Amino acid sequence: MIANRSQSTSNAQLQTALHAYPKLLSVARRITGCMSLAEDVVQEVLLQLVSKPLNEDIAAPTPYVMRMVRNLATDHVRRRQYERGLFVEEEVGGNTSAYGSPEERLHEAEAYKAFRCTVESMPARTRKFYEEHYFDDIPQNIIAREAGVSCALVCGLLREAHSRCLAAISLEADHSCAAGSGHRRNRTARVREMRA
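Residues numbered from 1 in each chain as written. Predicted model: local features only at pLDDT ≥ 70, side-chain atom pairs only at ≥ 80, totals over all residues. Heavy atoms only, no water.

(A) Fine view of the overall build of the protein chain. Secondary structure summary: the protein chain contains nine helices and zero strands in total. Traced from its N-terminal end to its C-terminal end, the protein chain shows the element sequence α-α-α-α-α-α-α-α-α. Relative to all contacts within the protein chain whose residues are 6 or more apart in sequence, the contacts with residues 24 or more apart total 63%. When the accessible surface of the protein chain is summed, it comes to about 13,400 Å², and 53% of that surface belongs to carbon and sulfur atoms. (Helix = DSSP H or I, 4+ residues; strand = E, 2+ residues; numbered from the N terminus. Contact = heavy atoms within 4.5 Å. Areas by Shrake-Rupley, 256 points an atom, 1.4 Å probe, with all protein chains shown as cover.)

Laid out in structure tokens, this is it:
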């Protein structure tokens, strides 16, 4: 008789969880960011309900099951982040040197040369403002005050100069990309770093 009551309780809880399945799946997907992992989490919770039903004194089993899904999804995400931190991914077929491959080094040197040529071709005042702001970390308002010009002028000149430098680096990266398209991702990331 006790087994039948336990079995009916388990079936009722499972039916309740199955009724809320789309909502449970949505919660798990929002936490994990992956539909297949979310399905695994919800399935694991449903298996837990079958193997060990909830206590009968739980008045609202749906929110309780929802909390189980949230907790398990969060555990999966944490475990995945921890495991990713344990292993370092190596480049496939590439040189794992901290300095990169010779081709990457050549592309970086060419991009730097393009950047340097762009800076050297700037008007003297713009170049001075650019070097003071980006290399010496002098704020724009101090540069403007020392030069006796408005902050808006300094800001405009810096923006234009920086755009030219980025364009020169991008152009060089595009030329290099045409020569060898395998390193496009690394150069694009470096250009983004320079923009920051």
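(B) Representation of the packing of aromatic side chains within the structure. Scanning all chains against the criterion turns up three aromatic pairs. Both rings, one in Phe115 and one in Phe135, keep their centres 6.4 Å apart while their planes meet at 80°; by these two values the pair is edge-to-face. Taken together, the positions of Phe115 in helix α5 (residues 102-120) and Phe135 in helix α6 (residues 124-135) put the pair 20 residues apart, joining distant regions of the chain. Its relative accessible area of 46% is what places Phe135 among the partly exposed residues. Their ring planes at 40° and their centres at 4.7 Å tell us that Tyr130 and Tyr134 sit as a pair that is tilted. With Tyr130 and Tyr134 both in helix α6, this residue pair falls four residues apart, about one helical turn. Using a relative accessible area of 2% as the deciding quantity, one classes Tyr130 as buried. For Tyr134, a relative accessible area of 33% corresponds to the partly exposed category. These aromatic residues form a ring-pair network of at least three members: Phe115, Tyr130, Tyr134 and Phe135. (Phe/Tyr/Trp six-rings, centres within 6.5 Å; stacked < 30°, edge-to-face > 60°. Buried < 20%, exposed > 50% of the residue type's maximum accessible area, 1.4 Å probe, protein only.)

(C) Fine view of the side chain of His133. Counting through the fold element by element, His133 comes out in helix α6. Within the structure, the side chain of His133 is placed 2.9 Å from the backbone oxygen of Ile138, a separation counted as a polar contact. Residues contacting His133, with those up to four places away along its chain left out, are Ile138, Pro139, Gln140, Ile143 and Leu158. (Polar contact = N/O pair within 3.5 Å; in protein donor to acceptor, adjacent residues only side chain to side chain.)

(D) A look at the environment of Glu108. Within the secondary structure, Glu108 is located in helix α5. Expressed as a C-alpha distance, the spacing of Glu108 and Glu172, which sit 64 residues apart in the sequence, is 9.4 Å.

(E) Geometry of helix α2 (residues 21-32). Its twelve residues place the ends of α2 16 Å apart at the C-alpha level, agreeing with the 16 Å of an ideal helix rising 1.5 Å per residue. For α2, every residue scored as buried is listed here: Leu24, Leu25, Val27, Ala28 and Thr32. Buried residues of α2, seen end-on, are gathered within an arc of 160° and therefore sit on one face of the element. Residues of α2 that are exposed and point more than 90 degrees away from the buried face comprise Pro22, Lys23 and Arg30. At the exit of α2 stands Gly33, carrying a positive phi of roughly 75°. (Expected span 1.5 Å × (residues − 1). Arc of directions from axis to C-beta.)

(F) Summary view of the confidence of the model for the protein chain. Of all residues in the protein chain, 76% attain a pLDDT of 70 or more, and the chain-wide mean is 79. Helix α7 (residues 140-147) holds the highest mean pLDDT among the elements of the protein chain, 92, whereas helix α9 (residues 184-195) holds the lowest, 48. Low pLDDT, under 50, characterises residues 181-185; the predicted model gives this stretch six contacts beyond four residues in sequence or across chains. (pLDDT = per-residue confidence, 0-100.)

(G) Here's a closer look at the pattern of salt bridges. The final tally for this structure, using the stated rule, is four salt bridges. Ionic pairing is found between Lys128 and Glu132, a salt bridge with its closest N-O pair at 2.8 Å. A residue pair is termed a helical-turn pair when its members lie 3 or 4 positions apart in one helix, as Lys128 and Glu132 do in helix α6 at four residues. The buried category is assigned to Glu132, whose relative accessible area is 12%. (Salt bridge = Lys/Arg side-chain N within 4 Å of Asp/Glu carboxyl O.)

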